[in-house]
Amino acid sequence: MKKVILTAVALCLLCSCSIESDQTGTIPILTWAGMPADKAEECFPIAKECGIDWHLGLYGSLEQALHAMDAAAAVGIGVIPGFPEIKDSTEYAVSAIKDHPALIGYHLKDEPETWDVHWLKDLHDKVQSLDSTRPCYINLYPNWAWVEENYKANIELYASEINTQFYSFDQYPVTEKDGEISVRPTWYRNLEEFSAMARRHGKPFWAFALAKSHHLGPPSPPAFYPVPTLGHVRLQVFSDLLYGAQVIQYFTFGGIYDCKAGKKTPAFEVFRQVNSEIKAYSPVFFGCEVKGVWHTGDEIPSHTTRLKDMPHERVKSLEVSGEGAVVSLIENDGRTYLAVQNRDCVNQAFLDIAFDGRVRMFTVDGPERFDRRTIMLEPGNIAIFILN
């Protein structure tokens, strides 16, 4: 029943705008901010070229939002606009924008505090009473920004009070200090607790990967986010998907295309490649039900579960070299999948796996026959097996 609910919500979101799209049934990819309204005609075709489906734009006025949405509609991209009138003149704003072909939903608030819940609930309910066909978007803090031990209670408060159609949170785990890349120790705990909350409420969740390098001051050391590599991006988006995320968000579009300079960034091709991989793997992940997630390695991330027994009766052995792996058992459309991810975003790893009988491997080119062998996993990359 939960899978049916999740799939129905996801399809509702995908079909909520009237833009003609060939992406129904795939994981939507969204860029977050970084695209000024006056650059919309230039930027949206670049986003389309990169494989972006939706854009969450922050605008200074309803007029700017409508201008950007016209440019988005021209190339078939949906928009979740944020602008002051949605809060200050809600009836007028919704009536002016609700029939726009590019509209996906309404951005209400980014990273609210717990004391914002009551007024956000009122605003959410008001917008939904004026337009029940499109959802409201509210993005929640990462766990390190709240006291970690309070995080479960805080997100549960939000989910219990505000009846949004989906949940979203941000955390950018790949950091650099003194030339060394590390992954925040808080990240997998965040995925564990947020995905569990979403499952309890029977709704999908959206998660992020970082596109734009930037500095961040205290209280969040180390204080530098590097320019993302292919391994960095794969680690983030595939971990998100292995935990069940139904939309992948990038912060910000400026990390993919420099609107001021009018040119693609060095990371553009990285994101285009990863986006094509997300689309190829969508039959596995879109509308899926995650049955379990485990970790391997000498040390596993805090608040995660170590893989002690085989995740499925058909798996006879599973070993991953190096840093370790994320292992996810997934059901979707009558099939059972096993996904194994290299948890190292810098170094390759080797997966040695054996099955009871023959299985197929789900690749970016589709299913193919698999025989026992050692597989090289590039940094952050995944291998997916069809078990039935």
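Here the structure is a predicted model, which is why all the values come from computation and not from measurement.

1. Here's the deal with the overall build of the protein chain
Argument step 1. The number of helices and strands found in the protein chain is 10 helices and 23 strands.
Argument step 2. Its C-alpha radius of gyration of 20 Å places the protein chain within 12% of the 21 Å reference for a compact globule of 388 residues.
Argument step 3. By its C-alpha atoms, the protein chain is 60 × 45 × 40 Å across when sized along the principal axes.
Argument step 4. Burial status across the protein chain gives 58% buried among its 388 residues.
Argument step 5. Within the protein chain, contacts between residues separated by at least 24 positions form 75% of all contacts whose residues are at least 6 apart in sequence.
Argument step 6. Of the accessible surface of the protein chain, which amounts to about 15,800 Å², a share of 51% is contributed by carbon and sulfur atoms.
Argument step 7. Distance from the positive charge centre (36 side chains) to the negative charge centre (50 side chains) of the protein chain: 5 Å.

2. Focus on the sheet that holds strand β4 (residues 106-110)
Argument step 1. Judged by pairing direction, the sheet is parallel, and its eight strands sit side by side in the order β3-β2-β1-β12-β9-β6-β5-β4 without closing on themselves. Each having just a single partner strand, β3 (78-82) and β4 make up the two edges of the open sheet. Across the sheet, the axes of successive neighbouring strands diverge by a mean angle of 25 degrees, strand direction being ignored.
Argument step 2. Note that strand β5 (residues 136-140) and strand β6 (residues 167-169) share two bridges and pair parallel. Directly across from Asn 139, in β6, lies its bridge partner Ser 168.
Argument step 3. Taken strand by strand, helix α9 (residues 230-242) contacts β9 (205-210) and β12 (247-251), and its axis lies near 170 degrees from that of β9.

3. Points about unusual backbone geometry
Argument step 1. Following Phe 251, the chain continues into Thr 252 via a peptide bond in cis, with omega recorded as -5 degrees.
Argument step 2. Examined against the element boundaries, Thr 252 turns out to sit in the loop between β12 and β13 (257-258).
Argument step 3. A positive phi angle is found at Ala 33, which is not glycine, with a value near 60 degrees.
Argument step 4. Tracing the chain through its elements places Ala 33 in the loop between β1 (29-32) and α2 (40-50).
Argument step 5. Of note in this structure, Asp 333 is not a glycine but carries a positive phi near 55 degrees.
Argument step 6. Along the chain, the position of Asp 333 falls in the loop between β17 (325-332) and β18 (335-342).

4. Describing the sheet that holds β18
Argument step 1. On the basis of which strands lie adjacent, the open sheet formed by six strands has the order β15-β17-β18-β23-β20-β21 and antiparallel pairing. With one partner strand each, in any of the chains shown, β15 (289-295) and β21 (366-370) form the two edges of the open sheet. Between one strand and the next, the sheet's axes are offset by a mean angle of 25 degrees, whatever the strand orientation.
Argument step 2. Here β15 pairs with β17 via six bridges, running antiparallel.

5. As for the side chain of Gln 236
Argument step 1. Positionally, Gln 236 belongs in helix α9.
Argument step 2. Of note is the side chain of Gln 236, whose polar atom sits 3.0 Å from the backbone oxygen of His 232.
Argument step 3. What Gln 236 contacts, discounting residues up to four positions off in sequence, is Tyr 172, Pro 173, Val 174, Trp 187, Phe 208, Ala 209 and Leu 210.

6. Topic: the packing of aromatic side chains
Argument step 1. Scanning the entire structure with this criterion turns up 23 aromatic pairs.
Argument step 2. Summarising the aromatic geometry, the rings of Trp 32 and Phe 251 are spaced 6.0 Å apart at their centres and angled 55 degrees between planes, so their arrangement reads as tilted. Of this pair, Trp 32 sits in strand β1 while Phe 251 sits in strand β12, and the two are 219 residues apart along the sequence.
Argument step 3. The exposure class assigned to Trp 32 is buried, which follows from its relative accessible area of 5%.
Argument step 4. For Phe 251, a relative accessible area of 24% gives the class partly exposed.
Argument step 5. When the centroid spacing of 6.4 Å and the interplanar angle of 40 degrees are considered together, the rings of Tyr 188 and Tyr 243 count as tilted. Taken together, the residues span a long stretch of sequence, with Tyr 188 in helix α8 (residues 187-201) and Tyr 243 in the loop between α9 and β12 at a distance of 55 residues.
Argument step 6. On the basis of relative accessibility, which here comes to 3%, the residue Tyr 243 falls in the buried class.
Argument step 7. Taken together, the aromatic side chains of Trp 32, Tyr 172, Phe 208, Tyr 225 and Phe 251 make up a single cluster linked through ring pairs.
Argument step 8. In this structure, Lys 264 is placed above the aromatic ring of Phe 268, and the distance from its NZ or CZ to the ring centre is 4.5 Å.

Conventions adopted
Residues numbered from 1 in each chain as written. Predicted model: local features only at pLDDT ≥ 70, side-chain atom pairs only at ≥ 80, totals over all residues. Heavy atoms only, no water. Helix = DSSP H or I, 4+ residues; strand = E, 2+ residues; numbered from the N terminus. Rg over C-alpha atoms; globule rule 2.2 N^0.38 Å. Buried < 20%, exposed > 50% of the residue type's maximum accessible area, 1.4 Å probe, protein only. Contact = heavy atoms within 4.5 Å. Areas by Shrake-Rupley, 256 points an atom, 1.4 Å probe, with all protein chains shown as cover. Lys, Arg positive; Asp, Glu negative; His and termini not counted. Charge placed at Lys NZ, Arg CZ, Asp CG, Glu CD. Pairing = 2+ DSSP bridges. Axes fitted to C-alpha atoms, helices over the stretch in contact; angles between N-to-C directions. Polar contact = N/O pair within 3.5 Å; in protein donor to acceptor, adjacent residues only side chain to side chain. Phe/Tyr/Trp six-rings, centres within 6.5 Å; stacked < 30°, edge-to-face > 60°. Lys NZ or Arg CZ within 6 Å of the ring centre and 35° of its normal.

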